[in-house]
Amino acid sequence: MSGGLLEVEDLHVWFDLPQRRELHAVQGVSFSVDRGERLGLVGESGSGKTTTILALMGLLPPTAAVAGRVLLDGEDVLARGERTVAPHRWKDVAMVFQGAMNAFNPVRRVGEQLVEPMELHGVASGTQAMRRAGELLERVGIPAARLRSYPHEFSGGMRQRAAIAMALACRPKLLLADEPTTALDVMVQAQILQLLIALADDFGLGLVLVTHDLPVVAQTCTAAAVMYAGEIVETGPMDALYHEPRHPYTRLLFAATPDLESRDVVVSIPGNPPRLDEGISGCPFRPRCDSAVERCGLERPGLRRVGGAHEAACHVAEQVPA
Amino acid sequence: MSAAAADSPAPLLEVDGLVVRYPVQRGLTGALLRRPRQHVHAVSGVSFTVSRGEMVALVGESGCGKTTTAQAVLRLVRPESGDVRFDGIDVTGLGPRELRRLRRRMQIIYQDPYESLDPRFRVEQTVAEALVVHREGARESRRLRVVEALELAGLSPAELYLDRYPHELSGGQRQRVAIAASLALGPDLLVADEPVSMLDVSVRAGILTILDELRDRGLAVLMITHDLSTAARFADRICVMYLGRIVEEGPAAQVIEAPQHPYTKALLSVVPRRDPRRRVKPQILRGETPNPIAVPPGCRFHPRCPAAVEDCRTIDPELRAPAGAASAGHRAACILLGR
């Protein structure tokens, strides 16, 4: 145990479905984030990446069952459910969502909404809180005078930056950002990503960036975990994932992503991800894999070390063409 | 560029000086106070062509007018002025009956295959509907054409999909059904408005490859996208739009590798590259895109332009070729071109 800021160990999430069925959305996910580290959690829709971070925040609906350990500075925050997670939510762990539009109450001024979490968690109050709210806005590149504005008076990019300011209100150690730039234009996206990098560097904030967009992670994060069918199939330094991918899914996902400066043929991955409401035998990626061998149908591979901090869940990891 | 584009002398689609503006509601007080009627200048003088066998991408940020341009091409909105000629026919002046006849030759694919398909229609009904509406063929020949369209869209064998409902299909398969439906009438022009932005990364390439193959079969494809990487990889030519104008256009490789307009340069600098070692210093523009109700005078990009000079405040630049351009088709609207 390295004693990092966040340690997630063998996290599972099940959702109840009608007729006593269950959907096993997160199937034994482990990762860690240190102070100032920027980790990308990458995957396609349904891969379990958003469910994973909602579980860390204790924000899953009551139909969800959670198992595993989430250690924040060594303390198990999931140990006794809501009672142990609530004191940390927004205070130590904060989250930014995709639709910045919905993060704010439309009929209240931005300033009041920035102050609210500070007063709720006893971080600051009154004029002191309002002054801190102004500083936060300035930090994300919005003039403090805009505290008096209403959310609709902000552009989409400003709203997302204000949402980040709100997430920072209680000086969290960890920021979870779920597709924070997906609905934004590239110019605004670049501003937000630069801001997230600066926040991690300046305040030692741990960042988990959840996205389906590999280039965004490649340019923002130092390390990444690639999720498929509810589990992490490969994790390691960003550079290793791109230049020496060890899981076929990672390699094929990069090959399916067009790049501005590459004339490589872009190829889609045939087939669909497996259903998560049925048991999976063997490797979940096997039906779509171009490197599968007989063993892949029989035995589900676990994450194993393939070099340095680089791990892959693949029986033929050593044979994957780079 | 494919051979078909070189063979035919006149382009299939010619857009010339297109202007589209929407009136802004003044409200009762506004009307009583006789405030001047304002307009959103969505498209302000856009010209481009698309030939058979060519894919042209209109790229730009939200609000730049790319979707309105596509809608005006299909006469889904009426332009204020300017010409849209399709195979030599002026689309802007057509009556409903002629328009209907022409529409079967120009089809559109929308962004969201979850919204664009009727959930109560089976795949066969969805694809055949255009044939029924346009009274094409008898029942049996219709089925043949549906099968053919599905196979063209990569749903093969088609018989496997005919009886399915949209909810039984994945996002990628739904978009393929939408493409098949647009192909059933055998169009000459396909307008694809953000055809893959709602889809998972792993299936996007498949949809784009289909558009690519249709282009090779001689279709003209007009793709609307905010994703420069996609445009760079799949389009023959790229038109970069800013605030209702095309500010740069040219062969895709030239626009990407040797951008001329300061806006294009900035836009390209902020596109994330998938190789983590490839770092480009993002050139973030000051401010936000201005309100299309109050378009800045002179060059409409000058308030945000890092290279702007005094003349940019007054001179509205036209598209022109930079000196020593690698191709005559590469043009940019900037007075500093070549300086």
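Not measured: the values here are computed from a predicted model.

The next subject is the nonpolar core. Membership of the largest hydrophobic core comes to 61 residues, with the highest contact counts inside it found for L114, L137, I164, L175, L196 and Y249 of chain A. Ranked by residues supplied to this core, first place goes to helix α5 (residues 156-167) of chain A with seven residues. Counting only domains with at least three residues in this core, you end up with domain 1 (6-92 + 172-319) and domain 2 (102-171) of chain A. Ignoring sequence-local partners within four residues, the contact set of L114 of chain A consists of A133, L137, L147, A162, A165, M166 and A169 of chain A. Of all hydrophobic cores here, the second largest spans 41 residues; its members include V147, L190, A205 and L208 of chain B.

Glancing now at the environment of A163 of chain A. All names here are of chain A. Considering the arrangement of structural elements, one finds A163 in helix α5. Separated by 97 residues in the primary sequence, A163 and L260 have C-alpha atoms spaced 30 Å apart. If we ignore the near neighbours within four places in the chain, the residues touching A163 are V96, A103 and F104.

With that settled, consider the interface of chain B and chain A. Buried accessible area, meaning the area lost when the parts come together, often serves as the stated size of an interface. Each side of the interface is counted separately: chain B has 37 residues, and chain A has 39 residues. Roughly 3800 Å² is buried in total at the junction of chain B and chain A, and carbon and sulfur atoms are behind 52% of that figure. Between chain B and chain A we count five salt bridges in total. Between R274 of chain B and D264 of chain A there is a salt bridge, and its shortest N-O distance comes to 3.2 Å. Summed over the shared surface of chain B and chain A, the number is 22 residue pairs in polar contact (both at pLDDT 80 or more). Elements with a contribution of two residues or more to the side of chain B that touches chain A: α9 (201-216), α10 (228-234) and α12 (262-269) of chain B. Take the side of chain B that touches chain A: its biggest share by element is seven residues, from α9 of chain B. Among the residues making up the side of chain B that touches chain A, the classes are represented as 17 nonpolar, eight polar and twelve charged.

A separate point is the pairing of strand β2 (residues 21-33) of chain A. Within a regular beta strand, the side chains point alternately toward one face of the sheet and then the other, so they alternate between its two faces. Residue and element names in this part refer to chain A. As paired elements, strand β1 (residues 6-17) and β2 share ten bridges and run antiparallel to each other. Paired with L6 across the bridge in β2 is V33. The antiparallel pairing of β1 with β2 creates a hairpin that spans three residues between the two strands, and Q19 there sits at a positive phi of about 60°.

Our focus in this paragraph is the sheet that holds strand β3 (residues 55-59) of chain B. All names here are of chain B. Strand order across the open sheet formed by seven strands is β6-β7-β8-β3-β9-β10-β11, with mixed pairing between neighbours. In the strand order of this sheet, the two ends are held by β6 (106-109) and β11 (331-332), each with one partner. Strand direction decides the pairing type here: β3 and strand β8 (residues 220-225), joined by five bridges, are parallel. Residue pairing in the sheet places V56 in a bridge with L222 of β8. In the packing of helix α8 (residues 171-183) onto the sheet, contacts are made with β6 and β7 (189-193), and the angle to β6 comes to roughly 170°.

It is worth spelling out the packing of helix α3 (residues 110-120) of chain A against α5 of chain A at this point. Pairs of packed helices are described in terms of their axes, by the angle between the two and the distance that separates them. Residue and element names in this part refer to chain A. The N-to-C vectors of α3 and α5 enclose an angle of 20°; their axes lie 9 Å apart at closest approach. Relative to α5, the element α3 is oriented roughly parallel. You can see that α3 and α5 cross each other, and the crossing is right-handed. For the pair α3 and α5, the contacting residues are Q113, L114 and P117 in the first and A162, A165 and M166 in the second. Of the residues contributing to the contact of α3 with α5, the split by class is five nonpolar, one polar and no charged.

Let's shift gears to the side chain of H247 of chain A. Residues and elements named next belong to chain A. Inspection of the secondary structure puts H247 in the loop between α8 (238-243) and α9 (248-255). Note on H247: relative accessible area 1%, which makes it buried. In contact with H247, not counting residues within four places along its chain, are V233, E234, F285, A312, A313 and C314.

Further remarks concern the pattern of salt bridges. For the coordinates displayed, the defined rule picks out 40 salt bridges over all chains. The salt bridge involving D202 of chain A is made with R139 of chain A; its shortest N-O contact spans 2.9 Å. Taken together, the residues D202 of chain A in helix α6 (residues 186-203) and R139 of chain A in helix α4 (residues 126-139) connect sequence positions 63 residues apart. Residue classification places D202 of chain A among the exposed positions, given a relative accessible area of 51%. On the accessibility criterion, R139 of chain A (28% relative accessible area) is partly exposed. For the salt bridge of D118 of chain B with R120 of chain B, the shortest nitrogen-to-oxygen distance reads 3.3 Å. By relative accessible area, which is 25% here, D118 of chain B ends up partly exposed. A residue is classified by how much of its surface remains accessible, and R120 of chain B, at 64% relative accessible area, is exposed.

Okay, the domain arrangement of chain A next. Residues and elements named next belong to chain A. Domain boundaries in chain A define domain 1 (6-92 + 172-319) and domain 2 (102-171). Relative to domain 2, the C-alpha centre of domain 1 lies at a distance of 29 Å. On the side of domain 2, twelve residues touch domain 1, which itself brings 18 residues to the contact. Across the domain 1/domain 2 interface, buried area totals approximately 1300 Å², and carbon plus sulfur atoms make up 71% of it.

About the cut-offs
- Residues numbered from 1 in each chain as written.
- Chains lettered and ligands numbered in written order.
- Predicted model: local features only at pLDDT ≥ 70, side-chain atom pairs only at ≥ 80, totals over all residues.
- Heavy atoms only, no water.
- Core = buried A, V, L, I, M, F, W, Y, C linked by side-chain atoms within 4.5 Å.
- Buried < 20%, exposed > 50% of the residue type's maximum accessible area, 1.4 Å probe, protein only.
- Helix = DSSP H or I, 4+ residues; strand = E, 2+ residues; numbered from the N terminus.
- Domains from an automatic or database assignment.
- Contact = heavy atoms within 4.5 Å.
- Buried area = accessible area lost by both parts, 1.4 Å probe.
- Salt bridge = Lys/Arg side-chain N within 4 Å of Asp/Glu carboxyl O.
- Polar contact = N/O pair within 3.5 Å; in protein donor to acceptor, adjacent residues only side chain to side chain.
- Nonpolar A, V, L, I, M, F, W, Y, C, P; charged D, E, K, R; others polar.
- Pairing = 2+ DSSP bridges.
- Axes fitted to C-alpha atoms, helices over the stretch in contact; angles between N-to-C directions.
- Parallel < 35°, antiparallel > 145°, perpendicular 65-115°, else oblique.
- Left-handed = near helix turned anticlockwise from the far one by under 90°.

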